[in-house]
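# Architecture at a glance
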Amino acid sequence: MIRPFSASLRCRLVLPCLLFFTAFQASALDVEIEGVEDSKLEDNIRLHLNSLDVSPEVLGDPFWQDQISKTVSTAVEPFGYYNSEAVVELKDDDVILHVTLNTPLKVVNVFAEIFGDARTDDDFSKRFNSFALKKGDVLNQPVYENFKSSTFNYALSRGYFDFNWRATRIDLVREDREANILMIADSGQRYQFGDIKIVGDDKAMAIIKRLQPFEKGEYYTSAKLTEFNRRLNQSSYFSRVIARPVVTEAQGKEVPVEITLVHKPRDAFNVGLGAATDTGARLRLKWERPWVNSRGHSVSSEVFLSQPEQSFTVDYRIPQGDINNDYISIEGGYQFIDYSNTNTEAETLTVAGHRYWQDSGSPWQFDASLTYLRENYTQGADPAQTTQLVMPGYGVRYLNRDDSLNITKGTYFSAFYQIGRDGYGSDIDFQKAVVEAGIVRTYNRHWLMLRAEAGAIETNNFSKVPASLRFFAGGDQSVRGFAFRDISPKDDVIDPETGEINNVSIGGKYLATGSIEYAYEVVPNWRAAVFFDAGTAANTFSVSNNCDDYTGSSSDSEVGDCSPGLAYGVGTGFHWKSPIGPVRIYVARGMSDYENTWRLHFILGPEL
């Protein structure tokens with residue numbers, strides 16, 4: 001017969017429980033530990049003591065002192081100390097824990113054996129035999145446990161999906177301070193890559209086959225599967241894709257790889273708005289069709305609208321060996337520009353074929369091209385004329401940055417060369433080379449950017465070089481303090497409406513610019529900046545100090561006798577690391593032999 005508790009009994013039971021509950025709810029012990037030099041041991045002791053959650057007021061109780069001693073013993077045993085002692089000392093408001101570790105247990109024997117296919121796998125055997133604990137070492141159970149879990153994970157990564165530990169044990173002989181370790185594993189068979197299985201629309205099978213970095217029958221490794229997923233996700237065909245092995249459907253040793261994917265929409269549209277002091281407000285409309293056929297061909301087009309420039313381009317891409325980095329691009333475009341400060345109007349039609357290639361994971365990209373250009377243009381005081389060029393070209397680009405928008409470390413380099421020959425589809429002999437470089441570095445709150453650009457044109461008739469191919473300097477990405485394309489040889493042009501004579505830029509044969517900019521992060525996401533720019537676009541490096549006396553037209557045989565000399569831009573501004581990318585605003589003073597100006601520059605977008 002079960003009797004109900006009496007009131008007095010209930011009180012006797014509840015009171016100790018309440019005291020225990022109060023102690024349990026107290027804050028963690030602030031204790032000074034003496035006698036332990038190993039930081040891992042000390043951290044583990046504190047971690048176990050915190051689980052007691054006992055207040056210093058009750059530490060004089062023998063019950064809690066015994067509990068702390070047992071807790072310390074539990075904390076140090078995994079590190080081989082099975083005979084430790086701990087004494088609590090209360091000194092004023094301080095709690096001092098004196099720990100005596102005594103002699104640890106040492107490993108006297110390690111027996112490790114592996115059965116299955118891994119026994120003849122040199123890489124696996126080397127790792128399995130690298131168990132850190134040897135005879136004479138102090139027993140360290142975390143090392144033992146980590147080895148077991150890491151070996152299991154490594155086995156899975158190499159295709160040993162049936163791996164298991166047959167026996168694992170640590171035998172302790174406490175009186176002799178000794179420990180024996182036993183580990184016996186069975187790897188089972190090593191599996192191989194099997195067939196590709198697609199969940200969903202299988203029209204991408206041909207593309208996926210070209211992206212896979214392994215062959216059917218090749219030994220499975222997680223590294224190859226990770227690389228496969230990286231390639232799939234870097235391709236422009238899928239909005240979501242994942243590849244995984246399906247071990248339960250293995251046929252013999254071959255494990256099929258299942259790919260779950262969602263194709264991008266048939267058509268994608270993008271609208272972009274922006275602004276800069278060089279172009280004013282601008283609108284960009286883009287259409288893309290990532291799947292034209294099962295071979296992975298794609299097509300896109302873009303419309304760009306701003307006050308001085310309007311353009312329309314179409315790009316048809318044909319993937320080659322490495323779909324993500326290796327492709328042929330067939331481009332066509334129409335552009336109309338009207339720059340009032342250079343008295344330039346030009347209608348340009350281009351058709352170009354590019355062959356791009358880039359090693360996987362490499363920052364280097366290469367480009368071999370053939371371009372047809374036909375441009376009808378008015379430059380300076382010259383009458384309207386038309387030039388046709390057929391130009392083979394070759395380019396190389398290096399881009400390595402830590403972020404696509406807010407760059408704290410990055411390096412950029414590009415070089416491009418084109419050539420055209422009179423009688424081979426071109427109206428003139430023409431060669432053009434351009435080299436650009438930039439570097440961004442950040443040191444704590446200090447940000448530094450260096451950039452430079454150089455170019456040269458060689459021709460037998462510069463007057464017939466189209467306006468779009470000539471060199472100009474000045475503007476947001478060149479020499480700040482000057483208007484866009486404002487620095488170059490000049491020509492006098494009569495304004496038909498006012499009759500005034502305007503001295504306008506007509507473009508040069510050579511280009512050289514350089515810039516250094518320093519910024520300091522004043523508060524998070526905001527930097528104050530100062531900069532110095534210098535450069536020129538010229539027709540000769542025999543610099544004239546004053547171009548005001550030059551009145552010839554760009555069609556003269558002696559064109560290029562006047563060059564504006566170096567122009568300089570200095571100023572200050574700020575950077576804002578906005579959610580959509582960096583915003584940079586500068587106030588700049590432009591200085592040259594023929595002009596001294598103040599300009600406000602606004603730039604939205606990454607520096608490299």
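See the structure above.
Now for a description of the structure that goes with this document.

Calculation notes
- Residues numbered from 1 in each chain as written.
- Predicted model: local features only at pLDDT ≥ 70, side-chain atom pairs only at ≥ 80, totals over all residues.
- Heavy atoms only, no water.
- Helix = DSSP H or I, 4+ residues; strand = E, 2+ residues; numbered from the N terminus.
- Contact = heavy atoms within 4.5 Å.
- Areas by Shrake-Rupley, 256 points an atom, 1.4 Å probe, with all protein chains shown as cover.
- 1 Å grid on protein atoms, 1.4 Å probe; cavity = no way out; pocket = protein on both sides within 12 Å on 5 of 7 lines; lining within 4 Å.
- Points joined across faces, edges and corners; volume = space filled by probe spheres on them.
- Nonpolar A, V, L, I, M, F, W, Y, C, P; charged D, E, K, R; others polar.
- Pairing = 2+ DSSP bridges.
- Axes fitted to C-alpha atoms, helices over the stretch in contact; angles between N-to-C directions.
- Salt bridge = Lys/Arg side-chain N within 4 Å of Asp/Glu carboxyl O.
- Buried < 20%, exposed > 50% of the residue type's maximum accessible area, 1.4 Å probe, protein only.
- Phe/Tyr/Trp six-rings, centres within 6.5 Å; stacked < 30°, edge-to-face > 60°.
- Expected span 1.5 Å × (residues − 1).
- Patch = residues over 30% accessible without salt bridge, like charges linked within 9 Å, V, L, I, M, F, W, Y side chains within 5 Å.
- Lys, Arg positive; Asp, Glu negative; His and termini not counted.
- Charge placed at Lys NZ, Arg CZ, Asp CG, Glu CD.
- Polar contact = N/O pair within 3.5 Å; in protein donor to acceptor, adjacent residues only side chain to side chain.

Looking now at the overall build of the chain. The secondary structure content of the chain amounts to seven helices and 27 strands. A separation threshold of at least 6 residues defines the contact pool for the chain, and within that pool the share at least 24 residues apart is 56%. If you sum the accessible surface of the chain, you get close to 31,300 Å²; carbon and sulfur atoms cover 54% of it.

There is about 320 Å³ of room inside the second largest pocket. Around the second largest pocket sit 14 residues that line it, and N324, N325, Q358, S362 and R397 are the ones nearest its centre. In terms of residues, the lining of the second largest pocket owes the most to one element, strand β17 (residues 385-401), which gives three residues. Here the lining of the second largest pocket is composed, by residue class, of three nonpolar, seven polar and four charged.

The pairing of strands in a sheet happens through backbone hydrogen bonds and is either parallel or antiparallel. If you trace the three strands from one edge of the open sheet to the other, you get β7-β9-β8, paired in mixed fashion. Strand pairing shows two members of the sheet lacking a second neighbour, β7 (192-199) and β8 (238-245), which therefore form its edges. Taking the axes of each pair of neighbouring strands and ignoring which way they run, one obtains an average angle of 20° across the sheet. Alignment of β7 against strand β9 (residues 254-263), held across six bridges, turns out to be parallel. Within β9, the position partnered with I198 by the bridge is I259. Running at roughly 165° to β8, helix α7 (residues 222-234) makes contact with β7, β8 and β9 of the sheet.

Bringing the pattern of salt bridges into the picture now. Within the structure shown, the criterion is met by 25 salt bridges. Note that R244 is salt-bridged to E258, the shortest N-O span being 3.0 Å. Taken together, the residues R244 in strand β8 and E258 in strand β9 connect sequence positions 14 residues apart. Assessed through its relative accessible area of 41%, R244 is described here as partly exposed. A relative accessible area of 14% places E258 in the buried class.

What follows is about the packing of aromatic side chains. Evaluated as defined, the whole model comprises 25 aromatic pairs. Aromatic pair Y237 and F238: ring centres 6.3 Å apart, planes at 65°, arrangement edge-to-face. Neither Y237 nor F238 differs from the other in exposure class; each is buried. Taking 5.7 Å as the distance between ring centres and 15° as the angle between the ring planes, the aromatic pair formed by W526 and W576 counts as stacked. Highlighted residues: W526 in strand β24 (residues 526-538) and W576 in strand β25 (residues 567-578), separated in sequence by 50 residues. Given the relative accessible area of 38%, W526 is considered partly exposed. Judged by its relative accessible area of 33%, W576 is partly exposed. Ring-pair connections join several aromatic residues into one group, and the members of that group are F124, F128, F131, F147, F152, Y154, Y160, F163 and W165.

Helix length check: helix α5 (residues 141-157) (17 residues) gives 24 Å between terminal C-alpha atoms against 24 Å at 1.5 Å per residue, within 8%. Those residues of α5 lying buried are Y144, F147, K148, T151, Y154, A155 and S157. The secondary structure elements touched by the buried residues of α5 are α4 (122-128), β5 (164-173), β6 (178-186) and α7. Positive backbone phi, approximately 90°, marks G159, located one or two places after α5.

Turning our eyes to something else, we now look at a negative patch on the surface. Together, D30, E32, E34, D92, D93 and D94 make up a negatively charged patch on the protein surface. Its place among the elements puts E32 in strand β1 (residues 31-34).

Right, let's talk about empty space enclosed by the protein for a bit. For the structure shown, the criterion picks out two cavities of 30 Å³ or more. Each pocket or cavity is described by its volume, and for the largest cavity that value is around 50 Å³. For the lining of the largest cavity, the secondary-structure elements that each account for two or more residues are β20 (446-459) and β26 (581-591). For the lining of the largest cavity, a count of residues per class yields three nonpolar, one polar and six charged.

Considering the arrangement of structural elements, one finds R169 in strand β5. Sequence spacing of R169 and I181 is 12 residues, and the spatial spacing of their C-alpha atoms is 6.0 Å. Not counting the four nearest positions on each side in its chain, R169 is found in contact with Y144, N180, I181 and L182. At 3.0 Å, the side chain of R169 forms a polar contact with the side chain of D171.

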